[in-house]
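Coordinates in review
Next come the chains, spelled out residue by residue.
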Amino acid sequence: MNDVALLDRLANVVPEADHIDSLVPALLELLHSITGLESTYLTRVDEAHNTQTVLFSNNTDEQRFAIPQGLVVLWEDSLCKRALEELRPASEHVSQHWSDSKVAAELGIETFVSQAVHIGDGEFYGTLCAAGPNSQPVSEQAKRMLALFSHLIGRQLEHDRLIARLQHENREYSHFALTDPLTGIPNRRAFDRELKRTLAGAQRSDDQVHLGFIDLDGFKAINDEYGHDAGDRFLIALSSKLKEGLRDGDFVARYGGDEFVVFGTAPHDVDASQVRKMIAERLSRLTQGHFDLGDLTIDYAGASVGVV
């Protein structure tokens, strides 16, 4: 393949690849066209566990010769490790150069070319390889393209890793933005968003939405008598009791300092006044009783509860 045709195919492959899963198969197919070797593949090396795993492979004739995807070999016995250590990226006579390699003998590899893949500032990831069962020359163009493709794969891996980290951080940020940092339950922002969503759904289904408001009477006295640390632990314990005691599907949030809100749905054909009464009784019961705060037990008479 001449350089013009190669650049033209690369120009079509690289811009369309937005993930390592879409880039590598296209590059492996292109690498086969350049080298003429029956198998091209990308490996992941785990030096700590002395293993090398074939992550992606492209085989033109699997019945005659193939490097199977998912194959795991000892890194110590691999041709890739030997090639890197001996600075020999290509060999047309594997059976002579590395006659003691059990992996090469079992797979029937005679021509082999390999290039290390690095991520970022030099982190060793694995290798990009091509192999065949017969002795045949490996052109300088093939070696150059192998180096270029390994660089492109390294850049894509770095990009994918960055995207994954940003997505994780975004999920973490979203979680903390909607979570009360003390009690771990949803905060007022989460309550506003979820209530709007629930009300919209209830309009479509004609369900009832019941909202309970909890005001912790006497909470200031707890802080004054036992200290703010005890007050915080009381809020945490109460939040946990609310979460455990509510129905599946009910939503509880910390609305303010000593204020909590709970809401849930009920079918449209039930007695709304009875539902409100049951919710109020349940919430009152959940806020009453003994609260074990570790070195302190508080007997709390209960909160003021209203349900609409």
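Rules used in this analysis
- Residues numbered from 1 in each chain as written.
- Predicted model: local features only at pLDDT ≥ 70, side-chain atom pairs only at ≥ 80, totals over all residues.
- Heavy atoms only, no water.
- pLDDT = per-residue confidence, 0-100.
- Helix = DSSP H or I, 4+ residues; strand = E, 2+ residues; numbered from the N terminus.
- Pairing = 2+ DSSP bridges.
- Contact = heavy atoms within 4.5 Å.
- Axes fitted to C-alpha atoms, helices over the stretch in contact; angles between N-to-C directions.
- Expected span 1.5 Å × (residues − 1).
- Buried < 20%, exposed > 50% of the residue type's maximum accessible area, 1.4 Å probe, protein only.
- Arc of directions from axis to C-beta.
- Parallel < 35°, antiparallel > 145°, perpendicular 65-115°, else oblique.
- Nonpolar A, V, L, I, M, F, W, Y, C, P; charged D, E, K, R; others polar.

With that settled, consider the confidence of the model for the protein. Any residue range with low pLDDT should be treated as having predicted coordinates unsuitable for detailed reading. Per-residue confidence for the protein gives a mean pLDDT of 91, with 94% of residues at or over 70. When pLDDT is averaged over each helix and strand of the protein, the minimum, 60, is found for helix α1 (residues 3–16) and the maximum, 97, for strand β1 (residues 39–46).

Our next topic: the sheet that holds strand β3 (residues 72–74). The six strands lie next to each other as β3-β2-β1-β6-β5-β4, forming an open sheet whose pairing is antiparallel. This sheet does not close on itself; its edge strands, each paired only once, are β3 and β4 (90–91). Here β4 runs beside strand β5 (residues 111–119); their pairing, made up of two bridges, is antiparallel. From the neighbouring strand, alanine 90 faces β5, where its bridge partner is valine 113. In the packing of helix α2 (residues 20–35) onto the sheet, contacts are made with β1, β2 (51–59) and β6 (123–132), and the angle to β2 comes to roughly 70°. Along the sheet, helix α6 (residues 140–177) contacts β1, β4, β5 and β6; its crossing angle with β5, the most-contacted strand, is approximately 35°.

Turning next to unusual backbone geometry. The phi dihedral of leucine 87 is positive, around 55°, even though this residue is not glycine. Within the secondary structure, leucine 87 sits in the loop between α3 (79–85) and β4. Positive phi, normally seen in glycine, also occurs at aspartate 206, with a value near 65°. Following the sequence through the fold, aspartate 206 ends up in the loop between α7 (188–205) and β7 (208–215).

Let's shift gears to helix α10 (residues 272–286). Between its first and last C-alpha, α10 extends 21 Å over 15 residues, near the 21 Å set by a 1.5 Å rise per residue. Taken together, the buried positions of α10 are occupied by Val275, Ile279, Arg282, Leu283 and Leu286. Looking straight down α10, one finds its buried side chains confined to an arc of 95°; they lie on one side. Along its buried surface, α10 packs onto β7, α9 (228–245), β9 (259–266), β10 (289–292) and β12 (304–307).

Here we come to the packing of helix α8 (residues 219–226) against α9. The angle between the axes and the distance between the axes are what describe a pair of packed helices. Here α8 crosses α9 at 135°, and the two axes come no closer than 6 Å. With respect to their mutual orientation, α8 and α9 come out oblique. The residues of α9 that touch α8, namely those facing Phe219, Ile222, Asn223 and Tyr226, are His228, Ala230, Gly231, Phe234 and Leu235. When its residues are assigned to classes, the contact of α8 with α9 shows six nonpolar, three polar and no charged.

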